[in-house]
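Coordinate analysis (summary)
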Protein chains: 2
Amino acid sequence: MREDELLRELFRYFKESPRIIKGPGDDCGVLKSVPGKDILLTSDSFIEGKHFTHELLSLREVGYKAGAAALSDIAAMGGKPVAALVNLNLPERVIPRVQEIYDGLNEVFSKFCTSIVGGNVEKTDKLELHVFVMGEVIQEKAIYRDGARPGDLLAITGDLGRPQGFLTAYHKGLTKGFKWWVNDMREKFARPTPRIEEMEKIRNEIEIHAAIDISDGLGIDSYRMARASGVEMLFYAEKLPINESVKHLSSKLEIKDWFLAVESGEEYELLIAFPASEKEKLERHKLPLTIIGEVREDKPGSYIMADGMKIDLSRRGWDALK
Amino acid sequence: MREDELLRELFRYFKESPRIIKGPGDDCGVLKSVPGKDILLTSDSFIEGKHFTHELLSLREVGYKAGAAALSDIAAMGGKPVAALVNLNLPERVIPRVQEIYDGLNEVFSKFCTSIVGGNVEKTDKLELHVFVMGEVIQEKAIYRDGARPGDLLAITGDLGRPQGFLTAYHKGLTKGFKWWVNDMREKFARPTPRIEEMEKIRNEIEIHAAIDISDGLGIDSYRMARASGVEMLFYAEKLPINESVKHLSSKLEIKDWFLAVESGEEYELLIAFPASEKEKLERHKLPLTIIGEVREDKPGSYIMADGMKIDLSRRGWDALK
């Protein structure tokens, strides 16, 4: 197949939107700008053998997950996505099945009204996706990771531990055959939800001081937030929202469930710091958040209280250079 | 080295600008939007073994060229770049020298007032850069590739053939030792100029119907413009602005110089279609353009008149899937 033939296949996935003046097929995608908004830019990489294998994810799931990861960064700033570009490195064997990747990208981008307006394809040995997303946030209302203050409470969207639980079960040879708990863990591993709608609801109801996408794990990402804010963060193991499937695996392997939860990367949950005075609203509006810790005045660090010990979390999670 | 340590090294390259609210280091880069502009989005890939080798380019040149390629797409739309994101796949051996890549990126981005506001790093086997650029163009004034009309003239910025000439000389073992013509060819191969300033000058003086960045070669990219516009393009071999170094190589190898010129990728020159009535202004304002052909009413195609023959150009150039 020639490059232009493949690109024409992919252009069929383009979704029009009132914001888009020119979709894929020219030197750039062209969008209308809107007044009263700031622009958000983010990118993510999704690489065969590093972030996924074909044994662990279908091509459709590869597309979905790569898209979800980039959208999650937009959610963490309190914004909404608008448009995306995808650079695809395609091995020969994947070229005839590239539509499956686009089906996955399309699934997650359509859900959040994001159009793919361009990108690049190359023939390579390994499958790789580099996803770039442009989003928007109300002017001067972007939420940063450096605003956490002593006295704030820390809360998390969704639940923790399933992606790491699934990988652990896989490496122990426990994922063969149908098991409810493997299924539950795999569901989030393969199709995480970028918390765009949740963040919109939350920021409409309470004041937020800081937020971060914990894509590398609660441990390392909470430390990043603590360091940026110049504060200490303290979490409580018994407060973490750990899914039943992860608890089941932990007891089976005789490990602590919180251990899986803090090291679990690719969660795409948002860690949020907010004034303690907002706690009552959180309950009243049934916000999709669980309070898991607090911010303290001390030298930057992130710790968890578990079994009566204060344990350093700053290196627990995914490091891209390891 | 840990990911966060490397990222802190790279953040030192960040250039502040009045447009940028938040540079690298958060989940997204944040920019002010400005009224009266449309937004341009583009991405490019630059992959070891495919677009470059360490024998052919220094790390600094790899950075420069990857940046220039993405900026060239912004130039083709008649716009100006604002901000960039860079996804870096780094082999272990390159990690300690990553600053050299950033020196090159910085060289070309600084020249065109473009700040790197984010990106991603991964440790991999091959060096890869995926560069995303956001730019802007005056509202409703983006220039597309589909606007060429019968009767238009076709003109090109800069000169043609040097990148392909350099690669040809290299594969023939002719690049060892100092030779003026190898040097001249290598200069453009390693440090092409995105035609942002040239395009601004041109569009200020004449009406433009269509433009395209000929990064895959005049042959294939002119065909893309012809197909998008539904017209035939006819070039004249004797009109092509071919550098003396390329002429020297051609006569040495006894090949046609225009052959190198039309197949030469990574030129980053702009092919522009404009009304014939503007020709006089082109000369009067000394615009940096050479007229090389014309647009005709016929079925979509791109051809060159050379030695009395009309030769198909539609497959002459770089195909990413070959």
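Predicted model, so just to flag it, every value in this text is computed and none were measured. Each chain has its residues counted from 1, following the order in which its sequence is written. All chains are assigned letters beginning with A, and all ligands numbers beginning with 1, in the order in which they are written. Side-chain atom pairs in this predicted model are given and counted only at pLDDT of 80 or more, local residue features only at pLDDT of at least 70, and totals for whole chains, interfaces and linings cover all residues.

1. Topic: the packing of helix 4 (residues 162-171) of chain B against helix 5 (residues 180-190) of chain B
Residue and element names in this part refer to chain B. Inclusion rule: Only the stretch in contact is used when fitting a helix axis, every axis being a line fitted to C-alpha atoms; angles between N-to-C directions are given from 0 to 180 degrees. Working definition: helices are DSSP H or I runs of at least four residues, strands are E runs of at least two. Numbering for both runs from the N terminus. By definition in this entry, angles of less than 35 degrees are roughly parallel, angles greater than 145 are roughly antiparallel, angles of 65 to 115 are roughly perpendicular, and the rest are oblique. Take the far helix as your reference; a near helix turned counterclockwise from it by less than a right angle gives a left-handed crossing, and one turned clockwise gives a right-handed crossing. Think of it this way: build a C-beta for each residue from its backbone, and any pair within 7 Å is a contact.
The contact between helix 4 and helix 5 brings their axes to 8 Å, and the two run at 120°. One finds that helix 4 runs oblique with respect to helix 5. At the point where helix 4 passes helix 5, the crossing takes the left-handed sense. Across the interface between the two elements, Arg 162, Pro 163, Gly 165, Phe 166 and Ala 169 of helix 4 pack against Val 182, Asp 184, Met 185, Arg 186, Lys 188 and Phe 189 of helix 5.

2. Thoughts on the relation of the copies chain B and chain A
The cut-off we apply is this: Overlaid copies result from least-squares superposition on C-alpha atoms, with residues included only where pLDDT is at least 70 in both.
When chain B is fitted to chain A, the best match, at an RMSD of 0.0 Å, comes from turning it 180° and sliding it 0.0 Å along the axis. In the structure described here, the two chain copies are related by an operation that fits a two-fold rotation axis. With an isologous cut-off of 70% or more, the 100% of interface residues of chain B that recur at the interface of chain A puts this contact in the isologous class.

3. A look at the domain arrangement of chain A
Many analyses report the size of an interface as the accessible area lost when the parts associate. Residues and elements named next belong to chain A. Basically, it comes down to this: Domain boundaries shown here were taken from an automatic or database domain assignment. Think of it as three bins: nonpolar holds Ala, Val, Leu, Ile, Met, Phe, Trp, Tyr, Cys and Pro, charged holds Asp, Glu, Lys and Arg, and polar takes everything else, Gly as well.
In terms of domain boundaries, chain A breaks down into domain 1 (3-138) and domain 2 (153-312). Listed as interface residues are 16 residues of domain 1 and, on the opposing side, 15 residues of domain 2. Counting residues per element, the side of domain 1 that touches domain 2 draws most heavily on helix 2 (residues 59-76), which supplies 11 residues. Of the residues in the side of domain 1 that touches domain 2, the class split is 10 nonpolar, two polar and four charged.

4. Considerations on the interface of chain B and chain A
For the record, the criterion: Note on pairing: DSSP must find at least two bridges between two strands before they are called paired.
Contacts between the two partners involve 53 residues from chain B and, on the opposite side, 53 residues from chain A. When residues in the side of chain B that touches chain A are grouped by element, the largest group, 10 residues, is from strand 3 (residues 37-47) of chain B. For the side of chain B that touches chain A, a count of residues per class yields 26 nonpolar, 11 polar and 16 charged. Pairing between strand 3 (residues 37-47) of chain A and strand 2 (residues 29-32) of chain B: four bridges, direction antiparallel. Within the sheet, the bridge partner assigned to A:Ile39 lies in strand 2 of chain B and is B:Leu31.

5. Examining the sheet that holds strand 1 (residues 20-22) of chain A
One open sheet accounts for six strands, arranged 1(A)-2(A)-3(B)-6(B)-4(B)-5(B); its pairing is mixed. Of all the strands in the sheet, just strand 1 of chain A together with strand 5 (115-123) of chain B have a single pairing partner and so form its edges. Neighbour to neighbour, the strand axes of the sheet diverge by 20° on average, direction disregarded.

6. Some remarks on unusual backbone geometry
All names here are of chain A. The test is simple: Whether a residue is buried, exposed or partly exposed follows from its count of other C-beta atoms within 10 Å of its own C-beta, namely 20 or more, 12 or fewer, or something in between, respectively; the C-beta atoms are built from the backbone.
The phi torsion at Cys 113 lies on the positive side, around 50°, for a residue other than glycine. Position of Cys 113 among the secondary structure elements: in the loop between helix 3 (98-111) and strand 5 (115-123). Accessibility expressed as a C-beta count within 10 Å gives 14 for Cys 113, which makes it partly exposed. Look at Asp 307: it is not a glycine, yet its phi comes out positive at around 55°. Examined against the element boundaries, Asp 307 turns out to sit in the loop between strand 12 (301-306) and strand 13 (309-312).

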